[in-house]
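Spelled out from the first residue to the last, the chains are:
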Amino acid sequence: MKYDVVVIGGGSSGCRAAKAEAAKGRSVCVVSAGLTLQATKPESEGSVYADLYELRKMGVAVLRGDTVLSGSWDGAKLLEVYTANGLTLQADEFILATGRFFSKGLVSTMDTVFEPVLGADVDFPQDREKWFNADFFAPQPFEQIGVRTTADGHIFIKGKAAQNVRAVGKILGGGRHAKK
Amino acid sequence: MQKNNESFLNFEACLKCSICNTVCPMMEVNALYPGPKKSGPDQERYRLKDPAFYDYALKYCLNCKRCELACPSGVQVADLIQRAKLQYGSRSKHPVRDAILASTDFVGTMASPFAPIVNSVLPLKPVKAVLDGAFGIDSRRTFPKYSSEKFVTWFKRHAQKEQEKYSKFVSYFHGCYCNYNYPQLGKDFVKVVNAAGYGVHLLEKERCCGVALIANGMEKQARKQALINIESFGKAVEKGETILTSSSSCTFMMRNEYQEILDLPTEGYRDSLFLACKWLYEKIESGEVKLKFKPLKMKLAYHIACHMQKLGWQNHTIELLKMIPGVELVVLNQKCCGIAGTFGFKKENYEYSQAIGANLFADIKEVAPDAVVTECETCKWQIEMGAGVPVMNPLSVIAAALE
C-alpha cells in the first residue's frame with residue numbers, strides 16, 4: 001500500500017503532522033497504536049479528538065490499534081514499514097511521532113535508552129546516575145532524552161542521517177513534564 | 001511487551017490510566033456498566049480470589065475491542081471480560097431466547113424451507129408481541145429475512161461445476177448470514193473471485209464460527225463447532241488453498257478469538273485466512289490480478305465495523321472501492337453501531353443499542369449516501385433500521401462494477 005507520507009504514531013503530534021501533510025494535498029496514512037482517542041464527540045473534547053475527526057474528513061487513512069514493528073532500508077532511505085496486522089506501507093516520506101516512554105516511543109532499560117521501531121539514535125547520558133535529579137520538582141535530565149536529529153528534523157540511524165524520516169513531538173526530548 | 005512474568009491476558013500491565021474507559025461506547029450511555037478498566041483488569045484480581053466478585057454488569061460489554069485498541073500497555077481488556085463472562089457468568093434469564101439467537105445454524109436450517117412463511121409472519125405485530133413478551137426479543141427490532149434457497153444449495157446446483165475450469169482455487173467460508181439470509185452475497189463473492197481468475201471451493205465442513213454462541217455464554221457448543229471448522233481449514237491449507245471470508249466478525253472470531261477465548265490452536269491456518277477484500281487488493285497490488293471496472297455512479301459511505309478495525313484491513317477495502325470509476329467514497333468516522341451481534345435484539349438492551357448507534361446514524365444522515373458499505377452483517381441490520389439507508393458488502397459493490 002503506497003502513500004506519499006506515512007505517520008508512525010497517532011497522538012497529538014502525529015495527527016498534526018498528518019494534517020499539515022494532507023493539507024498540502026499529499027496522501028497520508030497514520031498508524032496509531034493505542035492512545036489515540038476516538039472522536040465520538042469532537043466538539044466537546046480536546047484537540048486530539050478534533051484532529052482525528054478532521055483527518056478522516058480530509059481523506060487520511062487512519063489505522064487505529066495497529067503498530068509499526070520494523071522497516072526496510074535502502075541505504076539511508078526508508079522504503080517501507082511493516083505493521084502488526086500484516087500491512088506493508090510504502091511511502092516517499094515517513095514521520096516518526098511515537099512519543100516518549102509512556103507510549104513506548106522510547107524504551108529504557110537499566111543501562112540504555114533505545115527507539116524500538118526504526119532503531120533511531122537516541123541521545124542520553126551514559127551514566128545512569130545522571131538520568132534523574134533527586135529533587136522531584138527540579139528539571140529532570142531524563143525529560144531531555146530524545147532521538148538525535150539533523151537541523152531539519154531527520155533522524156540518525158547508526159550515526160548516519162536518514163534521507164526521508166523525520167521525527168516530531170515528544171520523541172525529540174525536552175519539556176518539563178514531571179513538574180507539570 | 002515483556003514476556004517474562006506475563007499475567008493472564010496481560011492484566012497486570014494495567015496502569016489504571018483509564019484511556020479504555022474514554023473510548024467505551026457502552027459507558028457513554030449506560031451508567032450501570034462499570035467500564036472496561038474495572039470490568040477487565042481491576043476485577044480480574046478479585047475474581048481470581050473469589051468468583052463471587054463476578055459482576056453481573058459485565059453482560060453489557062459489546063466486545064467491540066475499542067479498549068484493546070486504545071490500551072497503551074497491551075492489556076487484552078475485552079478478552080478478559082469475555083473469558084470472565086464464560087467462566088463465572090450466571091445463567092441467562094432468557095435461556096430459550098439466547099439459544100434461538102445464538103444457534104444460527106439450527107435456526108437457519110429450520111427457517112430456510114419455510115422462508116416465505118417465516119418472512120411474512122415474523123414482522124407481524126402479534127408475532128412480535130409474543131416474541132417480545134415470552135422470549136425478550138425486542139418488538140421494535142426489524143428481523144433479517146430468510147432465504148428459501150440456501151447459498152450452499154445454489155452453489156452446488158448452479159456454480160460448482162463451472163469452478164473446475166479454473167486452475168487455481170480458494171476455499172470460501174460463507175458464514176451463516178450468507179447461507180441462510182442473503183445468498184446474493186455468496187453469489188457476488190463467486191463472481192468476484194472468478195473474475196480474478198480463481199475457482200471457488202466450499203470447505204469440507206462448515207459450521208457457524210461461534211461468535212454468537214460465545215456472546216451468549218454457550219462455550220461448549222462454540223468449541224465443538226470451532227473444532228469442526230479448524231479441521232476443515234487444515235484440509236484446505238493442505239491443498240494449498242487460501243481460505244476467504246466475506247464477514248468481518250466471523251473472520252475475527254476464527255483468526256483471533258478461537259485462540260484468545262477458546263484456547264484452540266490457530267497456527268495451522270491463521271496466515272491463510274483472510275477477508276476477500278484484503279486478498280483481492282493484494283493480488284491487484286502485486287500485479288497478479290487485473291480487474292476491469294465499469295463506472296458506477298454512486299455515493300458510498302464506508303463504515304469500518306468494530307471487528308474490522310481490530311483486524312486492521314479497512315484500507316484494503318477503501319483502496320479497492322476507490323478503484324471503481326464514478327464512485328464517490330466517504331469514510332465514516334469509526335463509531336460503534338450498537339447492535340453487537342445478538343446484543344441489540346434483546347429487549348433489555350434495545351435502548352442502549354439505539355443510543356450508541358444514534359451517533360453513527362446522525363453521521364450517515366449528514367453524508368446522505370446512496371448506500372453504506374460495511375463487511376459486518378449485524379451492522380447492516382442496525383444501520384438499515386436506524387439510518388434508513390441500504391447497506392452493501394464491499395464485495396457486492398465490486399461485483400456490480402465488474403465488466
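Above this text is the structure in question.
Quick summary incoming for the structure in this document.

Calculation rules
Residues numbered from 1 in each chain as written. Chains lettered and ligands numbered in written order. Predicted model: local features only at pLDDT ≥ 70, side-chain atom pairs only at ≥ 80, totals over all residues. Heavy atoms only, no water. Helix = DSSP H or I, 4+ residues; strand = E, 2+ residues; numbered from the N terminus. Expected span 1.5 Å × (residues − 1). Buried < 20%, exposed > 50% of the residue type's maximum accessible area, 1.4 Å probe, protein only. Contact = heavy atoms within 4.5 Å. Salt bridge = Lys/Arg side-chain N within 4 Å of Asp/Glu carboxyl O. Phe/Tyr/Trp six-rings, centres within 6.5 Å; stacked < 30°, edge-to-face > 60°. Pairing = 2+ DSSP bridges.

1. With respect to helix α5 (residues 77-88) of chain B
Helical geometry note: an α-helix holds 3.6 residues per turn, so side chains three or four residues apart project in the same direction.
All names here are of chain B.
Link 1 in the chain: Over its 12 residues, α5 extends 16 Å from the first C-alpha to the last, a length consistent with the 16 Å expected when each residue adds 1.5 Å.
Link 2 in the chain: Burial of α5 is extensive: 11 of the 12 residues sit out of reach of the surface.
Link 3 in the chain: Buried residues of α5: Val77, Ala78, Asp79, Leu80, Ile81, Gln82, Arg83, Ala84, Lys85, Leu86 and Tyr88, and no others.
Link 4 in the chain: As for α5, its buried residues are in contact with α3 (36-49), α4 (66-70), α13 (211-215), α14 (219-238) and α15 (248-260).

2. A word on the pattern of salt bridges
Link 1 in the chain: Counted according to the given criterion, the structure contains 33 salt bridges over all chains.
Link 2 in the chain: Residue arginine 166 of chain A pairs with glutamate 93 of chain A through a salt bridge whose shortest N-O separation is 2.6 Å. One end of the pair, arginine 166 of chain A, is in strand β12 (residues 160-167); the other, glutamate 93 of chain A, is in strand β6 (residues 88-96), with 73 residues separating them in the sequence.
Link 3 in the chain: Between glutamate 44 of chain B and arginine 47 of chain B there is a salt bridge, with the nearest N and O atoms lying 2.9 Å from each other. Of this pair, glutamate 44 of chain B and arginine 47 of chain B are both found in helix α3, 3 residues apart, which corresponds to roughly one turn of the helix.
Link 4 in the chain: Taken together, the shared-partner salt bridges connect Glu21, Lys24, Arg26, Glu93 and Arg166 of chain A into one network.

3. Observations concerning the packing of aromatic side chains
Residues and elements named next belong to chain B.
Link 1 in the chain: Taken as a whole and assessed by the stated rule, the structure comprises 17 aromatic pairs over all chains.
Link 2 in the chain: Each ring, one from phenylalanine 274 and one from tryptophan 313, has its centre 5.8 Å from the other, and the planes form 55°; the classification is tilted. Placement of phenylalanine 274 in strand β4 (residues 273-275) and of tryptophan 313 in the loop between α17 (306-311) and α18 (314-323) is noted, with a sequence separation of 39 residues between them.
Link 3 in the chain: Judged by its relative accessible area of 17%, phenylalanine 274 is buried.
Link 4 in the chain: Ring geometry for phenylalanine 345 versus tryptophan 381: centroids 5.8 Å apart, planes at 80°, classification edge-to-face. Of this pair, phenylalanine 345 sits in the loop between β6 (327-331) and α19 (350-367) while tryptophan 381 is found in helix α20 (residues 377-387), placing the two residues 36 residues apart along the sequence. Like phenylalanine 345, the residue tryptophan 381 is buried in the burial classification.

4. Focus on the pairing of strand β4 (residues 68-74) of chain A
All names here are of chain A.
Link 1 in the chain: Relative to strand β5 (residues 77-83), β4 is paired through 6 bridges, and the arrangement is antiparallel. Counterpart to valine 68 in the pairing with β5 is threonine 83.
Link 2 in the chain: In sequence, β4 turns back onto β5 through a hairpin of 2 residues, with glycine 75 there showing a positive phi of about 65°.

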